[in-house]
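Residue-level listing of the chains:
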Amino acid sequence: MNDIICPNCNKAFKIDEAGFADILKQVRDHQFEEELQNRLNLAEKEKLNAVQLAEAKLKNSLQEDFAKKDKEIAELKAKNERELGEKLAKKEAEIAEMRSKISNAEIEKKLQVTEAVRAIEKERDNLANDLKIKETEKALLEKSINEKFTDKLKVKDDTIKMKDDEIDRLKDFKLKLSTKMIGETLEQHCEAEFNKLRATAFQNAYFEKDNNSSGGTKGDFIYSEKDEAGNEIISIMFEMKNENDETATKKRNEDFFAKLDKDRTDKKCEYAVLVSLLESENEFYNTGIVDVSYKYKKMYVVRPQFFIPIITLLRNAAMNSMQYKAELNLMKNQSVDITNFEEKINTFKEGFAKNYDLASRKFHIAIVEIDKTISHLQKTKDALLSSENNLRLANNKADDLTIKKLTHGNPTMKSKFDGLSGEGGEE
């Protein structure tokens, strides 16, 4: 063990030989590094001095070379001053021309670059504007779609709620009313729905209860409508059917088809419509307006909520066919006019032939009577007078037969004769 005194605090502490050797080694290494660093610094200084010396030598050498070159150049300039001046002027001119070309090229290049940049910027601005427009359109479309579907969902929810409320209300009514009263309530409902729109949508329509039971049966309501000329646009026989949920014997819609078709035929209606709440669980009848014309001609079954739509649908279809109906009625009227004209001609022919036949027979009798006997002269005279009178009547009828009288009350034939008269006048 050796005693070591700290040079800083002057305190003594003991250390073994291994520790002492380690500390000694560290001190030696530190001294070695300091000596190595000093030598490296000295070598660096010597290197720097050598470089500076070499640079000085090279600089002196270059200066001498430059001096020689300058001297040679001066001599050459002095010797060939005129030639060199011409060449220099030529070179300067070429340089000026090249600079001008370069300047022009740079200007043109700058212009091209400017135009290209301007075009790119314009395209960029257009694309940016298009992008903004697309984004705006997209936002508007998204907003519209959202509002549309929101509205649809709201309408759907409201419709479902209304239907649920209506179902609850109808169920409540069915529990409280008898079968007859339920039917009467359905009729009143349909009549009230029609009267709400009568003043605006059905001003010229007839919609009343069918009170005519002359055919043995009658429907519930008849709807009909005519145009200004009195031509029928449409006519519908309605039957309203319902029953209480508590009714033991459930009726089907088909049970009333035959009677409804008979009522439609007896009352000369074009369509038959059964407004029904029967078979409430039947999906076929719950789809809306059901066409059952495959069983009975022009017959439909609807739920009460489709009462007004079926009238509107059939009415619009009938309005579209009114033009063809009017043309058909015109053709019928023309046919009647021609028939009346032919009847007048035939009546004239029959009267004329009758009078002529009668006159001919009377005249023959007169001739025979003259040949037979003078005593019958008066009788023959009377016969002749009678014959003359009949001929006169026939002649009067012939004179009285004019185009004006034949075409009186017959616009069709009048127009045809007027046309013939016009053609004759032109010739």
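Here, every reference points to the structure presented above.
What comes next is a walk through the structure. Just so you know, these numbers come straight off a predicted model, no measurement behind them.

1. Let's talk about the packing of aromatic side chains
Thought 1: Under the criterion given, the structure shown has eleven aromatic pairs.
Thought 2: Where F257 meets Y296, the ring centres are 6.3 Å apart and the plane angle is 75 degrees; that geometry is what we call edge-to-face. Linking F257 in helix α4 (residues 257-266) with Y296 in the loop between β7 (290-291) and β8 (299-302), this pair joins segments that are 39 residues apart in sequence.
Thought 3: With 6.4 Å between their ring centres and 45 degrees between their planes, Y271 and Y300 make a pair best called tilted. In this pair, Y271 is assigned in strand β6 (residues 271-276) and Y300 in strand β8, connecting sequence segments 29 residues apart.
Thought 4: By the ring-pair criterion, three or more aromatic residues cluster together here, those being F194, F202, F207, F221, Y223, F238 and F307.
Thought 5: The side chain of K209 reaches across the aromatic face of F221, ending 4.8 Å from its centre.
Thought 6: Over the aromatic face of Y271 sits the side chain of K298, whose NZ or CZ is 5.2 Å from the ring centroid.

2. Let's talk about the environment of K268
Thought 1: Position of K268 relative to the elements: it lies in the loop between α4 and β6.
Thought 2: For the pair K268 and M237, spaced 31 residues apart in the sequence, the C-alpha separation amounts to 9.0 Å.

3. Observations concerning the sheet that holds β8
Note on sheets: strands pair through backbone hydrogen bonds, and any given pair is parallel or antiparallel.
Thought 1: Within the open sheet, the six strands sit side by side as β3-β4-β5-β6-β8-β7. Their pairing is mixed. Each of the sheet's edge strands pairs with one partner strand only, and the pair in question is β3 (205-209) and β7.
Thought 2: Taken together, the six bridges between strand β5 (residues 232-241) and β6 define a ladder with parallel strand orientation. Paired with M240 across the two strands is V275, which belongs to β6.

4. Overview of the pairing of β5
Thought 1: Among the ten residues of β5, eight are classified as buried, and the element is accordingly described as predominantly covered.
Thought 2: Here strand β4 (residues 221-226) pairs with β5 via six bridges, running antiparallel. Note that in β5 the partner of I222 across the bridge is M237.

5. Overview of helix α6 (residues 307-320)
Thought 1: Between its first and last C-alpha atoms α6 spans 21 Å; for 14 residues at 1.5 Å apiece the expected length is 20 Å, and the two agree.
Thought 2: Within α6, burial applies to F307, I308, I310, I311, L314, R315 and A318. For α6, the angular spread of the buried residues around the axis is 160 degrees, confining them to a single face. Away from the buried face of α6 by more than 90 degrees, exposed residues L313 and N320 are located.

6. Details of the side chain of K267
Thought 1: For K267, the position within the fold is in the loop between α4 and β6.
Thought 2: Classification of K267 as buried rests on a relative accessible area of 16%.
Thought 3: Polar side-chain contacts of K267 include one of 2.7 Å to the backbone oxygen of N212.
Thought 4: Those residues in contact with K267, other than ones at most four positions away along the chain, are D210, N212, T217, K218, I222 and M237.

7. Observations regarding the pairing of β4
Thought 1: Summarising burial for β4: five of the six residues are buried, a large majority.
Thought 2: Strand direction decides the pairing type here: β3 and β4, joined by five bridges, are antiparallel. Within the sheet, the bridge partner assigned to E208 lies in β4 and is I222.
Thought 3: The hairpin turn running from β4 into β5, its antiparallel successor, is five residues long, and G230 in that turn takes a positive phi close to 90 degrees.

Conventions and cut-offs
- Within every chain, residues take consecutive numbers counted from 1 along the sequence as written.
- The model is predicted, so local features are restricted to residues of pLDDT at least 70 and side-chain atom pairs to those at 80 or more, both for listing and for counting; the totals for chains, interfaces and linings are taken over all residues.
- To get the side-chain values, take all heavy atoms of the structure and skip hydrogens and water.
- What counts as a ring pair is set by centres within 6.5 Å for rings of Phe, Tyr and Trp (its six-membered ring), and what kind of pair is set by the plane angle: stacked under 30 degrees, edge-to-face over 60, tilted for all other angles.
- Only DSSP runs of H or I with at least four residues qualify as helices, and only runs of E with at least two residues qualify as strands; both kinds are numbered from the N terminus onward.
- Should the NZ of a Lys or the CZ of an Arg lie within 6 Å of a ring centre and within 35 degrees of the ring normal, that charge is described as sitting over the ring.
- Criterion used throughout: strands pair if DSSP finds at least two bridges between them.
- Three exposure classes are used, based on accessible area relative to the maximum for each residue type with a 1.4 Å probe and protein chains only: buried under 20%, partly exposed in between, and exposed over 50%.
- By this rule the span expected of a helix is its residue count minus one, scaled by 1.5 Å.
- Of all possible arcs, the one meant is that of the directions from the helix axis to the C-beta atoms.
- Any N or O atom pair separated by 3.5 Å or less is treated as a polar contact, with the protein-specific requirement of one donor-capable and one acceptor-capable atom, and with residues adjacent in sequence counted only for side-chain atom pairs.
- Contacts were defined at the residue level, with two residues in contact if any of their heavy atoms lie within 4.5 Å.

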